[in-house]
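Secondary and tertiary structure notes
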Amino acid sequence: MKKYRLHLMICGGTGCQSQDSNEIIQALRSELQKKGYEDEVQVVKTGCFGFCEKGPIIKVHPDNVFYIEVKPQDAERIVAEHVIKGRIVKELLYEEPTYHEKVEHQGDMSFYKKQLRIALRNCGLINPENIEEYIAVDGYLALGKVLTEMKPKEVIELMKESGLRGRGGGGFPTGRKWELTAQNESKLKFIICNADEGDPGAFMDRSILEGDPHSVLEAMAIAGYAIGAEKGYIYIRAEYPLAIHRLNIAIEQARKYGLLGKNLFDSGFNFDIELKYGAGAFVCGEETALINSVEGGRGEPNAKPPFPAEIGLWNEPTCVNNVETFANIPPIILKGSEWFGKIGTENSKGTKVFALAGKVNNVGLVEVPMGVSLKDIIYEIGGGIRNDKKLKAVQTGGPSGGCIPADKLDIPIDYDSLKSIGSMMGSGGMIVMDEDDCMVNISKFYLEFTEEESCGKCTPCRIGNKRLHEILERITMGEGTIEDLDRLVVLGEMIKDSSLCGLGQTSPNPVLSTLEYFHEEYNQHVVHKHCPSGVCKALKKYQISEEKCVGCTACAKVCPVDCISGEPKKRHVIDPKICIKCGACFEACRFNAVVRP
Amino acid sequence: MKSLEELKKIRERALKNVDIRRSEDGSGIKLLIGMGTCGIAAGARETLNAIMEELQVQDVHDVFIVQTGCMGHCHAEPMVQIDAPGEAPIIYGHVTPDVGRQIIIKHILEGELLEDHLFTKTHHRI
Ligand SMILES: Cc1cc2nc3c(=O)[nH]c(=O)nc-3n(C[C@H](O)[C@H](O)[C@H](O)COP(=O)(O)O)c2cc1C
Ligand code: SF4
Ligand code: SF4
Ligand code: SF4
């Protein structure tokens, strides 16, 4: 086979595919053929590079050039300039938002500089539909090592030493979980990979499965060997068709290569994997609910204990781990627990992938060592706040987490520090908010979500969250009272204490944390009926300032309900009884005369 | 899969197809070739292909070919510049396909300069 001198890696993740990355691949191939370069240049469809907002992305090897927002019609000049003449297409380079300079190499982009990729190591580097590319980057070497050189106990010991904790939200030590499951004697045991990913802002598990499915399969087999299980299930939401497709291809290839199936590496160990599809209910990500759902029952949680490690799937010992947790395992086996232990903080080792979103310049998937500060993530990797606005808060942990105020951005993020300030690591959602976001509204959004997703099995969660939501709704409508604020706290604490599963036990967190850090904003809503960020529509009052108005009539022209009166060159007035608070006059006035107090 | 050896064999084979994607770590030798209009007119593409072929024949994996635009000495095209980590760049001029092959065999593999084809000799020897 002829060696290709250039590799064009095109992101084939869900995000980029929805933006025509398949068409780009076709256009590049036909352009290369037209110019007679198809034997010199390889076009590879990869997994996600993480920089989804700027997708579709093309990375060129070996010159390491990184193109963003590529369109099918750009194929021609990429081939004519870059492939044929070695000239970089400057227009397709990324421009740093802070100092307005074009950057050629991925490693020089501020978005990537502070990242450390362990779980995402192969995303964007290999073709996920080709097992040999995974093998080329040391794939299945960890499984081979474990099966030929290590006893199950040694594997568990190594995992314990590494300090790896579950990335699905709880942060339970993975080695310890394996040990507990291994201790329970039984002929039948199971490994389950939790790919339910229900947090509305998170998509790291999907990206790993799409970009590097074999790493999860390999790690599941390693876990199976460690605890004594021969069967694994991947519980994945049916809304992830591309991940399912790639997993199916990967499983089939692994079987063909004898990396799944009977007597792997001639060790006598058998392991195989099957997919189970979830309907995408948030609560089905909770492990006992997930097990019920795999068994074909209702996706409702059970009381713990007993833990799945004792009584799990079909009442047999079962170990449930998250996708990202699994993706960390092969490198730990190959590089050792000491290497892994050097990354991160005292009690949180390794890296965490976050889905950075909201009002930052660079949004996408970022993987950073534990212990990095929120400030670094937002201002270095994220490139700062959009439109030079002021940061107000950062939401982490999704519906189970809380809002962290701007003055706490210096804390090093890990499981424990986030908990100590009323938030959570959760699955890694991270939403940045600026002065235009209303904290009452944000908590209302999350409560709406939990109310909808509560399975209804226990009263505090079913009724309690509904009440919390109602109170928040009242406050945003301008009908809240100061007593409502106390009610939120009392009720919230009650729900946390008395709910059966993690959903109810954490659902009040968004309300409680915003109440603590943004109390004044709640006060403004209930006492002064005023929403400082101007989000709560019912509380908006548009007025025209006497001093500033020059009578230019611009506002009156745009008002859809004609409620602004005044003669030209004289002060204009809004009739509050007719005003529908659409904000058009506010936008139209060039003299800042329209105010929304 | 019966043994680690079997896996490693597949790995060796597969690595040859993806090794150029690992150029990022900065350990390999960079071979720059001028592919401006002048370079192409002077036969840079044929040279490039000959170099690629020789790399494959010799089973060399730590050399990464990077095209650049015109190097500014159009009369001496095709030009090839070799950047080894921690060493001063060496530039060859008038690199025909044959000279290209010799660069891989002599310069890269044996560490010998092709004195006759040097464009500029820096003060450092390799
Ligand atoms: C309401 C709820 C939803 C959850 N959703 C997920 C999920 O989508 N993915 C996941 O891996 N873990 C989820 N978990 C955590 C799982 O119960 C379990 O702790 C985890 O899968 C264990 O894997 P880990 O130890 O590798 O993190 C959820 C928990 C709760 C309470
Ligand atoms: S806490 Fe909520 S989701 Fe969990 S079991 Fe109770 S009702 Fe269901
Ligand atoms: S647009 Fe502004 S300045 Fe002009 S009339 Fe309206 S309020 Fe006054
Ligand atoms: S907010 Fe809309 S409806 Fe109210 S005065 Fe302005 S333009 Fe008219």
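Conventions used here
Residues numbered from 1 in each chain as written. Chains lettered and ligands numbered in written order. Predicted model: local features only at pLDDT ≥ 70, side-chain atom pairs only at ≥ 80, totals over all residues. Heavy atoms only, no water. Phe/Tyr/Trp six-rings, centres within 6.5 Å; stacked < 30°, edge-to-face > 60°. Helix = DSSP H or I, 4+ residues; strand = E, 2+ residues; numbered from the N terminus. Buried < 20%, exposed > 50% of the residue type's maximum accessible area, 1.4 Å probe, protein only. Lys NZ or Arg CZ within 6 Å of the ring centre and 35° of its normal. pLDDT = per-residue confidence, 0-100. Contact = heavy atoms within 4.5 Å. Domains from an automatic or database assignment. Near = heavy atom within 4 Å. Nonpolar A, V, L, I, M, F, W, Y, C, P; charged D, E, K, R; others polar. Axes fitted to C-alpha atoms, helices over the stretch in contact; angles between N-to-C directions. Parallel < 35°, antiparallel > 145°, perpendicular 65-115°, else oblique. Left-handed = near helix turned anticlockwise from the far one by under 90°. Buried area = accessible area lost by both parts, 1.4 Å probe. Salt bridge = Lys/Arg side-chain N within 4 Å of Asp/Glu carboxyl O. Polar contact = N/O pair within 3.5 Å; in protein donor to acceptor, adjacent residues only side chain to side chain. Pairing = 2+ DSSP bridges.

Before going further, it helps to examine the packing of aromatic side chains. This model, assessed by the stated rule, comprises 16 aromatic pairs over all chains. When the centroid spacing of 5.5 Å and the interplanar angle of 70° are considered together, the rings of Phe-66 of chain A and Tyr-112 of chain A count as edge-to-face. Of this pair, Phe-66 of chain A sits in strand β4 (residues 65-67) while Tyr-112 of chain A is found in helix α4 (residues 110-113), placing the two residues 46 residues apart along the sequence. A relative accessible area of 0% means that Phe-66 of chain A is categorised as buried. Owing to a relative accessible area of 8%, Tyr-112 of chain A belongs among the buried residues under this scheme. Note on Phe-445 of chain A and Tyr-446 of chain A: the rings are 5.0 Å apart at their centroids and 75° apart in plane angle, and the pair reads as edge-to-face. With a relative accessible area of 4%, Tyr-446 of chain A lands in the buried category. Between the NZ or CZ atom of Arg-206 of chain A and the centre of the ring of Tyr-240 of chain A, over which it lies, the distance is 5.9 Å. A cation over an aromatic ring shows up here: Arg-45 of chain B above the ring of Tyr-37 of chain A, its NZ or CZ 3.7 Å from the ring centre.

Okay, the confidence of the model for chain B next. Residue and element names in this part refer to chain B. When pLDDT is averaged across chain B, the result is 84; 90% of the residues are at 70 or more. Every residue in residues 121-126 is under pLDDT 50, and counting partners more than four places away or in other chains gives 12 contacts. Two numbers describe this predicted complex: its pTM, 0.90, and its ipTM, 0.84.

Each assigned domain of chain A is listed here: domain 1 (6-110), domain 2 (131-341), domain 3 (351-434), domain 4 (439-526) and domain 5 (540-595). Centre-to-centre, using C-alpha coordinates, domain 3 of chain A lies 39 Å away from domain 5 of chain A.

All names here are of chain A. Assignment of secondary structure puts Trp-339 in helix α14 (residues 337-341). On the basis of relative accessibility, which here comes to 24%, the residue Trp-339 falls in the partly exposed class. For Trp-339 and Gly-350, which are 11 residues apart along the polypeptide, the C-alpha to C-alpha distance reads 9.3 Å. If sequence neighbours within four positions are ignored, Trp-339 has contacts with Ile-118, Pro-331 and Ile-332.

The local shell around ligand 3 holds 13 residues, among which Cys-549, Cys-552, Thr-553, Cys-555 and Cys-589 of chain A are the closest. Within the shell around ligand 3, the residues separate by chemical class into 10 nonpolar, 3 polar and no charged.

Before going further, it helps to spend a moment on helix α22 (residues 519-527) of chain A. Those residues of α22 of chain A that fall on the buried side of the exposure criterion are Glu-521, Tyr-522, Asn-523, Gln-524, His-525 and Val-526 of chain A. Along its buried surface, α22 of chain A packs onto β14 (391-396), α17 (439-453), α18 (459-476), α19 (482-498) and α21 (509-517) of chain A.

Turning our attention to the packing of α17 of chain A against α18 of chain A. Residue and element names in this part refer to chain A. Where α17 meets α18, the closest approach of the two axes is 9 Å, and the angle between their N-to-C directions is 150°. Judged by the inter-axis angle, α17 sits roughly antiparallel to α18. Crossing hand, α17 versus α18: left-handed. Between α17 and α18, the residues in contact are Val-440, Asn-441, Ser-443, Lys-444, Leu-447, Glu-448 and Glu-451 and Asn-465, Lys-466, Leu-468, His-469, Leu-472, Glu-473, Ile-475 and Thr-476, respectively. Of the residues belonging to the contact of α17 with α18, the class tally is 5 nonpolar, 5 polar and 5 charged.

Between chain A and chain B, the residue contacts involve 47 residues of the former and 36 residues of the latter. Around 3500 Å² of area is buried between chain A and chain B when both sides are counted, 54% of it from carbon and sulfur atoms. Among the residues chain A hides against chain B, the three largest losses belong to Lys-3, Arg-5 and Pro-62 of chain A. Together they make up 20% of the total. Between chain A and chain B we count 5 salt bridges in total. For Arg-21 of chain B, the salt bridge goes to Glu-133 of chain A, with nearest N and O atoms at 2.8 Å. The interface formed by chain A and chain B contains 17 residue pairs in polar contact (both at pLDDT 80 or more). Ranked by residue count, the leading element in the side of chain A that touches chain B is helix α6 (residues 141-149) of chain A, at 5 residues.

The element α21 of chain A is extensively covered by neighbouring structure, given that 7 of its 9 residues are classed as buried. Residues Asn-509, Pro-510, Val-511, Leu-512, Ser-513, Thr-514 and Leu-515 of chain A constitute the buried set of α21 of chain A.

All names here are of chain A. At a minimum axis distance of 5 Å, the contact between helix α9 (residues 204-211) and helix α10 (residues 213-227) shows a crossing angle of 95°. The orientation of α9 relative to α10 falls into the category roughly perpendicular. Facing Ile-208, Leu-209, Glu-210 and Gly-211 of α9, the residues of α10 in contact are Pro-213, Ser-215 and Val-216. Split by residue class, the contact of α9 with α10 holds 4 nonpolar, 2 polar and 1 charged.

Turning our eyes to something else, we now look at the sheet that holds strand β2 (residues 41-46) of chain A. Residues and elements named next belong to chain A. In space, the 4 strands of this open sheet follow the order β2-β1-β3-β4, with mixed pairing throughout. Only two strands of the sheet have a single neighbouring strand rather than two, namely β2 and β4. For this sheet, the mean angle separating the axes of adjacent strands, direction not counted, is 20°. Two elements, strand β1 (residues 6-11) and strand β3 (residues 58-61), share 4 bridges in a ladder whose sense is antiparallel. When the bridges of β3 are listed, Ile-10 appears paired with Ile-58.

Glycine aside, residues mostly have negative phi angles, and peptide bonds mostly take the trans form. All names here are of chain A. Here the bond from His-61 into Pro-62 is cis, since omega is 0°, no more than 30 degrees from zero. Mapped onto the elements, Pro-62 comes out in the loop between β3 and β4. Backbone torsion omega between Pro-305 and Pro-306 reads 0°, so that peptide bond is classified as cis. Considering the arrangement of structural elements, one finds Pro-306 in the loop between α12 (287-294) and β11 (318-322). Of note in the backbone geometry, Glu-69 takes a positive phi value of approximately 45° without being a glycine. Its location among the elements puts Glu-69 in the loop between β4 and α3 (75-85).

This part covers the pattern of salt bridges. Two side chains with opposite charge may pair up if their charged atoms get near one another. All told, the structure shown has 45 salt bridges over all chains when counted by the stated rule. Its salt-bridge partner being Lys-34 of chain A, residue Glu-31 of chain A comes within 3.5 Å of it at the nearest N-O pair. Placement of both Glu-31 of chain A and Lys-34 of chain A in helix α2 (residues 21-35) is noted, with a separation of 3 residues, approximately one turn of the helix. Given a relative accessible area of 65%, Lys-34 of chain A falls into the exposed group. The partner of Glu-53 of chain B in a salt bridge is Arg-101 of chain B, and the shortest N-O contact between them spans 3.7 Å. Highlighted residues: Glu-53 of chain B in helix α3 (residues 44-57) and Arg-101 of chain B in helix α4 (residues 97-110), separated in sequence by 48 residues. Residue Glu-53 of chain B is classed as partly exposed on the basis of its relative accessible area of 44%.

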